[in-house]
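Residues per chain are reported as follows:
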Amino acid sequence: MQGVLHLSRRQSLQGLVVLGAGAALGGIAWPSPVLAQDISDEDIFRFALNLEYMEAEYYLRGTTGKGIDAADAGSKPGDVVGGKQVSFETPAIGEFMQEIAENELAHVRFYCKTLGANAVDRPAIDFDAGFKAVAEAAGLGTDFDPFGNETNFVLGGMLFEDVGVTAYAGAATVLKNKDFLAAAAGILAVEAYHMGMARSTLYRKGEEAWKAANAVSDARDKIDGSDDKDQGIQVDGKANIVPSTPDAIAFTRTPQEVLRIVYLTDKDGVSKGGFYPEGMNGTLKST
């Protein structure tokens, strides 16, 4: 796999804290109990839309060479830096990624339609700076390019899908509108399908891919807070395609935990960085 170096868990975690900028993403998350009464369902959906914009841009650029059309980006969208069409050596993986791209674009359109005039525009997104920082932090090497080959592209996708599942699982506990809750549950299921596909695909790639995926998981788990909410694709020498609690229940993340991953910071009160150089649009934008 192009540009992969293997650092220890301790080295990769220290690297994240030192760099303080980078990536990992997807989905929405539930407010902490202290803030729950001040957060509306629309706030949560706007938060989700920010992240779905990034997922859609990532997969569309990797599978088609271009991102979201202007009609789907809002009236004053931010710029997107980076991304290119991937050359898939395995036809089935190329088809998997094309299907995900269509799903993520559909999610963007769903949120825009549901929120109407209250939808946020696409925020500024920087894939180049974000992936460079997270690759260095996780020990993937200075020349790591998520769009360089199919393995790297699936690894980049795993960043999104794992976080998306934990975030949607959390949102289900606080959404008040039953229609919004039903939609979030449905999108959670789709993100979980994506996650299973990405993790199982990487596992089949062999030891080099296992180590890279586990390094990303370890680094991500360190930056989001004190709780252990992440698991690699191999644990105790065995495949771990479904990260979950001992009761086989998906982990949950709050908006602040998701934002720590997206902005790659362990500090409170941070409102931009990593993949979002100008921050997210909407109420939920600060760690």
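Because the structure is a prediction, the values reported are computed rather than measured. (Residues numbered from 1 in each chain as written. Predicted model: local features only at pLDDT ≥ 70, side-chain atom pairs only at ≥ 80, totals over all residues. Heavy atoms only, no water.)

Chemist: I tried to follow the overall build of the protein chain on my own but got confused; where do I start?
Modeler: Within the protein chain, the regular secondary structure consists of eight helices and four strands. Considering only intrachain contacts with a sequence separation of at least 6, the fraction spanning at least 24 residues in the protein chain is 77%. A total of about 11,900 Å² of accessible surface is found on the protein chain, and carbon and sulfur atoms cover 52% of it. (Helix = DSSP H or I, 4+ residues; strand = E, 2+ residues; numbered from the N terminus. Contact = heavy atoms within 4.5 Å. Areas by Shrake-Rupley, 256 points an atom, 1.4 Å probe, with all protein chains shown as cover.)

Chemist: Sorry, what's going on with unusual backbone geometry here?
Modeler: Where the residue is not glycine, phi is negative for most of them; where a peptide bond is considered, it is trans in most cases. Although it is not a glycine, A248 sits at a positive phi angle of roughly 60°. Summarising the element assignment, A248 is placed in the loop between strand 4 (238–239) and helix 8 (255–263). A relative accessible area of 61% places A248 in the exposed class. Positive phi outside glycine occurs at L264, with the angle close to 55°. (Buried < 20%, exposed > 50% of the residue type's maximum accessible area, 1.4 Å probe, protein only.)

Chemist: Got a minute to help me understand the environment of F96 in this structure?
Modeler: Its place among the elements puts F96 in helix 3 (residues 91–115). Taking the relative accessible area as the measure of exposure, F96 reaches 35% and is therefore partly exposed. The sequence separation of F96 and A198 amounts to 102 residues, and the corresponding C-alpha distance is 9.1 Å. Residue contacts for F96: discarding those within four places in its chain leaves M197 and T201.

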